[in-house]
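# Examination of the molecular architecture
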Amino acid sequence: MQKDVIYIDTEDDVTAIIGKVKATKNKIVALVPPKRIGVLQSAVNLKLLQKAAAGSQKHIVLITNEHSLVALAAGLSMPVAKNLQSKPEIPKIDLLNDTEEEVIDGESIPVGDFASKIGLAAAVKKDKSAADEISEKVDIGEVAVEAVKEGKGKVKSAVPNFNTFRKRFFLIGGGVLVLILFMVWAFVFAPRATVTITARTTAVNIDKNLKLDPSIQASDTNALLLKSTEQSVKKTVAVEFDATGTKEIGNKSSGTITIRNCDFSDDTVIPSGTKFTATGGQVFVSTQSVTVPDFTGPSSSCTQAGSESGKATVSVEATAVGPDYNIAAQAYSISGYSNKVDGVGSAMTGGTKETVKVVSQQDVDKAREQLPKPDDNAAKVELKQLFTADQIVINESFETSKAPEVVAPNVGEQATRAKLSQETTYKLTGVQRTDVDAILKQTVDAVLQSKSDQQAYSYGQDTIVFQTFQRIDDHTVMSRMVTTAYIGPRIDTNQLAQQLEGKRYGEIQEIVNLIPGVENVEINLSPFWVTKAPKAEKIDIKFSVEN
């Protein structure tokens with residue numbers, strides 16, 4: 001059977017306790033009062049409590065061993081238990097004055113009386129006390145454990161927990177310290193003010209012809225001669241293609257030919273390269289010159305095959321490769337000589353022939369159409385990355401130069417695949433920013449010399465254009481630098497910052513707008529909680545050029 005346990009707080013009055021009893025869900029309610037609680041020291045309150053419980057069909061068991069409270073419960077026949085694990089009993093009045101704790105024998109309690117009060121059907125058994133009936137139905141210990149698990153029965157200790165106190169002390173102290181540090185940073189170090197002034201300005205056009213030379217040691221800004229920096233990168237595009245040309249290769253047949261002379265009466269030199277034609281039409285040439293002796297005896301009796309003819313032997317080779325020139329020994333006619341001079345050749349051997357693929361000019365022309373276009377923009381971006389932040393890149397100096405195409409293998413050489421490539425060199429020139437700034441400042445300062453009430457608002461560094469880039473020789477180029485500077489009313493920023501110190505937004509506007517020549521003023525106070533300008537050294541005054 002389910003039971004409820006109510007822990008009475010010292011602040012609870014009888015009305016609050018009655019409310020808690022009525023709010024319970026189960027019929028059996030164990031009341032656990034703190035010691036010497038005043039609200040239950042009144043018989044009237046206990047009676048009201050008992051009556052309210054009965055009206056709500058609830059049965060109260062008082063958990064206490066306090067004699068005065070037990071005595072009052074005995075007077076009202078209210079069941080009492082020493083603790084949540086003890087069996088409830090109706091205390092006896094005569095035992096209240098006894099200093100020793102005694103246990104009420106539930107067996108001796110008239111069950112019928114108590115049973116009739118709680119109205120339980122099971123209480124009709126006359127040999128069992130009402131307290132026993134409640135004990136059987138109420139396992140107060142279980143209820144207490146459940147209550148503790150649910151956090152309903154926490155009892156506050158009257159002794160302060162020092163560890164908790166110490167922890168709270170450090171947490172609170174640390175929080176206060178952090179808060180103090182934040183306040184110091186927020187109101188001493190963090191506040192800043194930026195005042196941007198837009199003034200009526202006058203344009204100063206700057207147009208200078210600069211001479212740039214990377215080979216000089218240092219710039220001469222007065223002479224508009226600047227030491228430049230040249231960066232370059234090389235990019236190669238290529239395409240591979242199939243070789244479609246053909247070519248016959250092989251070895252030439254060779255041998256020797258003996259020249260016979262019945263024509264010349266004197267020794268005759270037959271030069272190298274002399275052609276010898278076989279009966280089948282194959283042509284051989286001599287690879288060296290040879291001297292043929294004159295014939296002997298009368299001319300009429302000379303025969304080339306006879307002993308009278310002059311004879312000399314020379315090495316020859318075929319005029320073309322191939323086995324067609326491998327021919328047997330035979331007679332040859334000699335080009336440029338009469339028929340009284342001929343030759344008899346040995347067997348010609350060694351001629352071979354093979355048809356192979358070679359690179360043709362048509363292949364190269366076709367590959368040229370497929371050659372990728374170089375990415376000039378990508379090369380320009382890459383070149384710019386080679387310059388440092390203190391250099392100004394002259395975009396107009398961008399140059400490209402293409403090298404002759406390269407074919408590998410060359411046209412006519414044996415190959416099945418070939419490659420056509422072309423290399424492009426990109427160049428870009430830059431100058432030192434400090435040199436350019438010096439020239440701009442010199443120009444503007446020259447204008448301001450006659451205008452003491454004016455100052456420079458912009459030297460035109462951000463709008464420079466190099467309109468031309470003309471190369472004079474391998475080193476020197478000329479470039480035209482054009483920009484616009486702006487001058488306006490002179491404002492002493494240090495003095496103005498001191499004026500603005502501690503001023504609010506509107507006050508700053510009023511002060512700045514009173515300066516002659518000021519068109520507009522923008523104020524930025526930071527961080528967001530700052531409402532006044534900080535000290536002068538933390539006020540940043542900037543100038544804006546409206547036009």
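Residues numbered from 1 in each chain as written. Predicted model: local features only at pLDDT ≥ 70, side-chain atom pairs only at ≥ 80, totals over all residues. Heavy atoms only, no water.

## Here's the deal with the sheet that holds strand β5 (residues 192-199)
The strand order β24-β5-β25 describes an open sheet built from three strands, whose pairing is mixed. Across the chains shown, the open sheet's two edge strands, defined by having one partner strand only, are β24 (518-526) and β25 (539-544). Direction aside, neighbouring strands of the sheet carry axes that sit 20° apart on average. The sheet contact formed by β5 and β25 spans six bridges and is parallel. Its bridge partner being in β25, isoleucine 197 is matched across the sheet by phenylalanine 543. The sheet contacts of helix α11 (residues 493-500) involve β5 and β25, and relative to β25 the element is tilted by about 125°. Against the sheet, helix α12 (residues 505-513) makes contact with β5 and β24, and its axis sits at roughly 150° relative to β24, the strand it touches most. (Pairing = 2+ DSSP bridges. Helix = DSSP H or I, 4+ residues; strand = E, 2+ residues; numbered from the N terminus. Axes fitted to C-alpha atoms, helices over the stretch in contact; angles between N-to-C directions. Contact = heavy atoms within 4.5 Å.)

## Side note on the packing of aromatic side chains
A full pass over the atoms with the stated rule returns 10 aromatic pairs. Ring plane angle 85° and centroid distance 5.8 Å describe the contact between phenylalanine 284 and tyrosine 325, whose orientation is recorded as edge-to-face. Note that phenylalanine 284 is positioned in strand β12 (residues 283-286) and tyrosine 325 in the loop between β14 (310-321) and β15 (330-334), a separation of 41 residues in sequence. Take phenylalanine 284: its relative accessible area is 0%, and that puts it in the buried class. Each member of the aromatic cluster is reached from another via a ring pair, and the members are Phe182, Trp185, Phe528 and Trp529. In this arrangement the basic side chain of lysine 380 is found over the ring face of phenylalanine 398, its NZ or CZ atom lying 5.4 Å from the centre. (Phe/Tyr/Trp six-rings, centres within 6.5 Å; stacked < 30°, edge-to-face > 60°. Buried < 20%, exposed > 50% of the residue type's maximum accessible area, 1.4 Å probe, protein only. Lys NZ or Arg CZ within 6 Å of the ring centre and 35° of its normal.)

## A look at the sheet that holds strand β1 (residues 3-7)
Overall, parallel pairing links the four strands, which are arranged β1-β2-β3-β4 in an open sheet. Strands with a single pairing partner mark the edges of an open sheet, and in this sheet they are β1 and β4 (80-81). Inspection of the sheet shows strand β2 (residues 28-32) paired to strand β3 (residues 59-63) by four bridges, in the parallel sense. Bridge pairing in β3 places valine 29 opposite isoleucine 60.

## What about the state of the cysteines?
Evaluation of the coordinates by the stated rule reveals one disulfide. Disulfide pairing places cysteine 262 opposite cysteine 302 at an S-S distance of 2.2 Å. Across the S-S bond of cysteine 262 and cysteine 302 the torsion is about -75°, and the bridge reads as left-handed. Of the two residues, cysteine 262 is situated in the loop between β9 (252-261) and β10 (268-270) and cysteine 302 in the loop between β13 (290-292) and β14; the sequence distance between them amounts to 40 residues. The class for cysteine 262 is buried, based on a relative accessible area of 4%. (Disulfide = S-S within 2.5 Å.)

## Quick look at the confidence of the model for the protein
With 87% of its residues at a pLDDT of 70 or more, the protein shows a mean pLDDT of 86. Confidence drops under pLDDT 50 across residues 95-104; counting only partners more than four residues distant or on other chains, this segment forms 16 contacts. Note that residues 106-131 has pLDDT below 50 and, in this model, 44 contacts with residues that lie over four places away or in other chains. (pLDDT = per-residue confidence, 0-100.)

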